[in-house]
Amino acid sequence: MNRADGLVQRRSAARDTSDSVSKDAQNSDDRKCDRDEEIEDGDSKETRLTLMEEVLLLGLKDKEGYTSFWNDCISSGLRGCILIELAIRGRIELEKAGMRRKFLLNRKLLIKNDTPTGDVLLDEALKHMKETDPPETVQSWIEYLSGETWNPLKLRYQLKNVRERLAKNLVEKGVLTTEKQNFLLFDMTTHPLTDNVAKSRLVKKVQDAVLGKWVNDPHRMDKRLLALIFLAHASDVLENAFAPLNDDDYELAMKRVRELLDLDFESESMKPNTNETVWAVFAAFTK
């Protein structure tokens, strides 16, 4: 309604301006969060990788350009990566634990911020979650996004061709290339490695996390790096990062990974400045 009174108009304008500034500040914070979380030490803009891309890159055979045919874990592992990426970027969160302190895997995933991330896979998953009522748990979303559900009504949530889409992202970033290979009865698109530096840096980062730069406290570790170790293990590709190590370093690295896997996720999620959704994803893969 329009009012002639100038004072009322000024107050309304001031309130609108305040709301606008508040929204702009929120959007600015969201963008800053995205930038801060995406930046990785030593990575250039061209080779900055998402958690999903890093896990896939660890799983790909360098020359052949495809993942092991025997690996039936990487599909769900990549969906776990998607949930962690959304959590780290401030898009999703767990419902409050409540007075009875619900277990992580019993708590529902809620939309915290539906602003698009700019990543097609992440935004597709976020859209599915936004449209789902009532909300679902972390475990359910890993199953739905993987298409591993007996509920035909939930099959529409499946993210399709995830590995191929991630591989194409890595091709665009100059890390992989695209080839066609003949496998007797069929042709298959493969993505051999072209940027050895990016892969070597990724492998060294994983090795250093549990060897030379081991801090013996998950809360002092970079949460994206911690997630990479957990999800690479869940995807059955962590072994690829440790394969070049000598026997002593390999044994030590695996010992420290087991220490992380044996953590009490419920207790860890209650510590200050933690991301509960990240710990819930860890719990889903180690239950």
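Residues numbered from 1 in each chain as written. Predicted model: local features only at pLDDT ≥ 70, side-chain atom pairs only at ≥ 80, totals over all residues. Heavy atoms only, no water.

The chain is annotated in an unreviewed UniProt entry as Golgi phosphoprotein 3 of Ladona fulva. What UniProt states about the chain under its Subcellular location (unreviewed entry) heading is, verbatim, "Golgi apparatus membrane". If you open the UniProt record of the chain and go to Sequence similarities (unreviewed entry), you find "Belongs to the GOLPH3/VPS74 family." (UniProt positions renumbered as here; feature names shortened; annotations may be inferred.)

Colleague: Let's hear about the packing of aromatic side chains: which residues, and what values?
Modeller: Evaluated as defined, the whole model comprises 9 aromatic pairs. Summarising the aromatic geometry, the rings of Trp 279 and Phe 282 are spaced 5.3 Å apart at their centres and angled 80° between planes, so their arrangement reads as edge-to-face. With Trp 279 and Phe 282 both in helix α12 (residues 276-286), this residue pair falls 3 residues apart, about one helical turn. Residue class for Trp 279 comes out buried when judged on its relative accessible area of 4%. Since its relative accessible area comes to 1%, Phe 282 is described here as buried. Ring-pair connections join several aromatic residues into one group, and the members of that group are Phe 230, Phe 265, Trp 279 and Phe 282. (Phe/Tyr/Trp six-rings, centres within 6.5 Å; stacked < 30°, edge-to-face > 60°. Helix = DSSP H or I, 4+ residues; strand = E, 2+ residues; numbered from the N terminus. Buried < 20%, exposed > 50% of the residue type's maximum accessible area, 1.4 Å probe, protein only.)

Colleague: An account of the environment of Ser 267 is needed here, citing residue identities and associated values.
Modeller: Positionally, Ser 267 belongs in helix α11 (residues 265-269). When the C-alpha positions of Ser 267 and Trp 279 are compared, they lie 9.8 Å apart, and in sequence the two are 12 residues distant. Among the polar contacts made by the side chain of Ser 267, one reaches the side chain of Asp 264 at a distance of 3.1 Å. (Polar contact = N/O pair within 3.5 Å; in protein donor to acceptor, adjacent residues only side chain to side chain.)

Colleague: An account of a negative patch on the surface is requested, with residue identities and associated values reported.
Modeller: Among the surface-exposed residues, Asp 72, Glu 148, Asp 236 and Glu 239 lie close enough to one another that they form a single negatively charged patch. When you line up the elements, Glu 239 lands in helix α9 (residues 238-242). Here Glu 239 falls in the partly exposed class, since its relative accessible area comes to 39%. (Patch = residues over 30% accessible without salt bridge, like charges linked within 9 Å, V, L, I, M, F, W, Y side chains within 5 Å. Areas by Shrake-Rupley, 256 points an atom, 1.4 Å probe, with all protein chains shown as cover. Salt bridge = Lys/Arg side-chain N within 4 Å of Asp/Glu carboxyl O. Lys, Arg positive; Asp, Glu negative; His and termini not counted. Charge placed at Lys NZ, Arg CZ, Asp CG, Glu CD.)

Colleague: Lay out unusual backbone geometry with the relevant residues and their values.
Modeller: Of the consecutive residues Asp 133 and Pro 134, the connecting peptide bond is found in the cis state with omega at 5°. Mapped onto the elements of the fold, Pro 134 is located in the loop between α4 (120-131) and α5 (138-146). The phi dihedral of Asn 273 falls on the positive side, at around 60°, and the residue is not glycine. Examined against the element boundaries, Asn 273 turns out to sit in the loop between α11 and α12.

Colleague: Could you give an account of the pattern of salt bridges, with specific residues and numbers?
Modeller: For the coordinates displayed, the defined rule picks out 14 salt bridges. The partner of Lys 173 in a salt bridge is Glu 53, and the shortest N-O contact between them spans 2.8 Å. Taken together, the residues span a long stretch of sequence, with Lys 173 in the loop between α6 (162-172) and β3 (179-183) and Glu 53 in helix α2 (residues 51-59) at a distance of 120 residues. With a relative accessible area of 1%, Glu 53 lands in the buried category. A salt bridge links Asp 114 to Lys 130, with the shortest nitrogen-to-oxygen separation between them at 2.8 Å. Highlighted residues: Asp 114 in the loop between β2 (109-111) and α4 and Lys 130 in helix α4, separated in sequence by 16 residues. On the accessibility criterion, Asp 114 (38% relative accessible area) is partly exposed.

Colleague: An account of the environment of Leu 202 is requested, with residue identities and associated values reported.
Modeller: With respect to the helices, strands and loops of the structure, Leu 202 is situated in helix α7 (residues 196-210). Each C-alpha atom, one on Leu 202 and one on Leu 49, is 9.6 Å from the other, the two residues being 153 residues apart in sequence. Apart from the residues within four sequence positions on either side, Leu 202 is in contact with Glu 54, Leu 57, Leu 58 and Leu 228. (Contact = heavy atoms within 4.5 Å.)

Colleague: Tell me about α6, residues and numbers included.
Modeller: Among all positions of α6, only Val 162, Leu 166, Ala 167 and Leu 170 are buried. The buried residues of α6 all sit within an arc of 130° when viewed along its axis, so they share a single face. As for α6, its buried residues are in contact with α2, α3 (74-88) and α4. Looking at the residues trailing α6, positive phi occurs at Gly 174, about 80°. (Arc of directions from axis to C-beta.)

Colleague: Account for the nonpolar core, naming residues and giving values.
Modeller: Core analysis: the biggest nonpolar cluster contains 75 residues, and Leu 58, Leu 83, Ile 84, Val 138, Phe 242 and Phe 282 have the highest contact counts within it. For Val 138, the contacting residues outside a window of four places in its chain are Leu 83, Leu 94, Arg 107, Leu 109, Ala 280, Val 281 and Ala 284. (Core = buried A, V, L, I, M, F, W, Y, C linked by side-chain atoms within 4.5 Å.)

Colleague: Quick rundown of α12? Include the residues and the values.
Modeller: Residues lying three or four places apart along an α-helix face the same way, a consequence of the helix completing one turn every 3.6 residues. In terms of burial, α12 is a largely internal element, 8 of the 11 residues being buried. Thr 277, Val 278, Trp 279, Ala 280, Val 281, Phe 282, Ala 283 and Ala 284 are the residues of α12 that are buried. Lining the buried residues of α12 we find α3, β1 (92-94), β2, α5, α8 (223-234) and α11. Measuring from the side-chain oxygen of the N-cap residue of α12 to the backbone nitrogen of Thr 277 gives 3.2 Å; that N-cap residue is Asn 275.

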